[in-house]
Amino acid sequence: MAGVSVSTVSKALNNYEDINEETRKKILQIVKEMDYVPNVMARGLVTKSTQTIGVFFGDQTNSGFDSPFLIDYFRSIKDEVGAAGYDLLIFSNQMRDTSSYKTICYEKGVDGVILILTGNKRTDEKIHELHKAFPTVYIDSLPNAKLRVNFVESDNEMGAWEATEHLIHLGHRHILKIAGDTVAKGSYDRIEGFRRACLANGLPFNEDWIVYGNYSREQAALLTKEAFSKENDFTAVFASSDLMAYGVIDALKELGKKVPEEVSVIGFDDIDSAQYFHPPLTTVHQQRFQMGETASKILLELIKNNDGMTHHVRVPTVLVERKSCCEVAN
């Protein structure tokens, strides 16, 4: 209709400078009249790029759209890759759970992948094969610390150290630690930070003081009741997530114990509701927006120039003091 070559139309649509301005206007007017939209998939076959980033995320408890911090990750990723001209494709087809991540990414033709898999669907094999086939960055917590992948995480060990130090400085000597799970690197690091802080301060450390709540509010409540029925000397509880800290406080209230006057409670994450909980929760703040932003920048650089290097970034945490901790009464 324009009476020009395909390459000239392409130049007009992609704002190349080496095209006559009158010709450009004529082509764009015809595009408007025809309501023409370029076929992105066809273009991708030629350019070997679809300008699309794929995102996998878990769909187990508190690891999918119900995650209290998934929105922060998505917002930061969207802002960063969007500014670079990329769209986001969220993989959510549960009928394809048995497919490898690599196969799905090949089918959709994405340029790179971000994984936020904090649920139970973490598998070393799926992650490793995807990492070898596509530019890939993992956010939050590896299922296996030995995996050599591009990875952005909070400084979980230092955050746990600072939380434990805070309780110790308030005079607490018998601290119950409710950990996440026995699999993920982040869970292990938070246990290690707790352990190191206790030993560094000469606390009588007991392995029985560490129990696993699998990041569940209900499980944390049950474990708290069990622990306080056996051990009456606990004056503080350090939970590896805010949701588990809520469960701890629920249980302590049922047991008739005042927080923080009788038992101090500290969490980890600093989800939005932590400041409004009763009492407002002292916790370790994870800089989730910065984590998503950092992961996106690494991925965009890998897409542009994948040098084979493995990137591992720890984002600092911040202790947020509120009303759920106080000095030991006696």
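The residue numbering used here restarts from 1 in each chain and proceeds along that chain's sequence as written. Residue-level local features of this predicted model are given only where pLDDT is at least 70; pairs of side-chain atoms are given and counted only at 80 or more, and the full residue set underlies all totals for whole chains, interfaces and linings. The basis for every side-chain value is the complete set of heavy atoms in the structure, and neither hydrogens nor water enter the calculation.

Draft legend 1. Just the packing of aromatic side chains, in detail. Think of it this way: a Phe, Tyr or Trp ring, Trp meaning its six-membered ring, pairs with another when their centres are within 6.5 Å, and the plane angle makes it stacked under 30 degrees, edge-to-face over 60, tilted otherwise. Evaluation of the coordinates by the stated rule reveals eight aromatic pairs. With a centroid separation of 4.6 Å and 45° between ring planes, the pair formed by Phe 56 and Tyr 101 is classed as tilted. Linking Phe 56 in strand 1 (residues 52–57) with Tyr 101 in helix 5 (residues 101–108), this pair joins segments that are 45 residues apart in sequence. Throughout this description, buried means an accessible area under 20% of the type-specific maximum (1.4 Å probe, protein chains only), exposed means over 50%, and partly exposed covers the range between. Phe 56 gets classed as buried once you look at its relative accessible area, which sits at 5%. Starting at the N terminus, helices and strands are each numbered in turn, a helix being any DSSP run of H or I of at least four residues and a strand any DSSP run of E of at least two.

Draft legend 2. Local environment of the nonpolar core. One finds Ile 116, Ile 139, Leu 176, Ile 178 and Val 265 to be the most contacted residues of the largest nonpolar core, which totals 47 residues. Here this core takes seven residues from helix 10 (residues 242–254), the largest share from any one element. For Ile 178, the contacting residues outside a window of four places in its chain are Val 211, Gly 213, Ala 220, Leu 223, Thr 224, Val 237, Phe 238, Ala 239, Ser 240, Met 244 and Val 248. Grouping buried Ala, Val, Leu, Ile, Met, Phe, Trp, Tyr and Cys residues that are joined through side-chain atoms within 4.5 Å yields what is termed a nonpolar core. Membership of the second largest hydrophobic core comes to 18 residues, among which are Leu 167, Leu 170, Cys 198 and Ile 210. By the convention used here, residues are in contact when the closest approach between their heavy atoms is within 4.5 Å.

Draft legend 3. Representation of the confidence of the model for the protein in the model. Per-residue confidence from the predictor is reported as pLDDT, a score between 0 and 100. Averaged over all residues, the pLDDT of the protein equals 87, while 87% of them reach at least 70. Overall, residues 59–63 carries pLDDT values under 50, and its contacts beyond four positions in sequence, including any with other chains, amount to 17 contacts.

Draft legend 4. Expanded view of the pattern of salt bridges. The salt bridge criterion pairs a side-chain nitrogen of Lys or Arg with a carboxyl oxygen of Asp or Glu, the two atoms within 4 Å. Scanning the model with the defined rule gives 16 salt bridges in all. Where Arg 190 meets Asp 269, a salt bridge forms, and the shortest distance between an N and an O atom there is 4.0 Å. Of this pair, Arg 190 sits in helix 8 (residues 185–200) while Asp 269 sits in the loop between strand 9 (264–266) and strand 10 (283–285), placing them 79 residues apart in sequence. Taken individually, Arg 190 and Asp 269 each receive the classification buried, so the pair is uniform in this respect. Among the salt bridges present, the one from Arg 195 reaches Glu 207, with a minimum N-O distance of 2.7 Å. Note that Arg 195 is positioned in helix 8 and Glu 207 in the loop between helix 8 and strand 7 (210–212), a separation of twelve residues in sequence. We classify Arg 195 as buried; its relative accessible area is 19%.

Draft legend 5. Looking closely at the sheet that holds strand 5 (residues 150–154). If you walk across this open sheet you meet the six strands as 2-1-3-4-5-11, and the pairing is parallel. Both outer strands of the open sheet, strand 2 (87–91) and strand 11 (312–315), are each paired with one neighbouring strand and no more. Averaged over all pairs of adjacent strands, the angle between their axes in this sheet comes to 20°, without regard to strand direction. Pairing between strands is defined by DSSP: at least two bridges between them are needed. Alignment of strand 4 (residues 136–139) against strand 5, held across three bridges, turns out to be parallel. By the bridge assignment for strand 5, Tyr 138 is matched with Phe 151. Interaxial angle, 0 to 180 degrees, is taken between N-to-C directions of lines fitted to C-alpha atoms, where a helix line uses only the stretch in contact.

Draft legend 6. Representation of helix 5. Buried within helix 5 we find Tyr 101, Ile 104 and Cys 105. With its buried residues spanning 95° around the axis, helix 5 presents them on a single face. At the C-terminal side of helix 5, Gly 109 shows a positive phi close to 70°. By construction, the arc corresponds to the directions joining the helix axis to the C-beta atoms.

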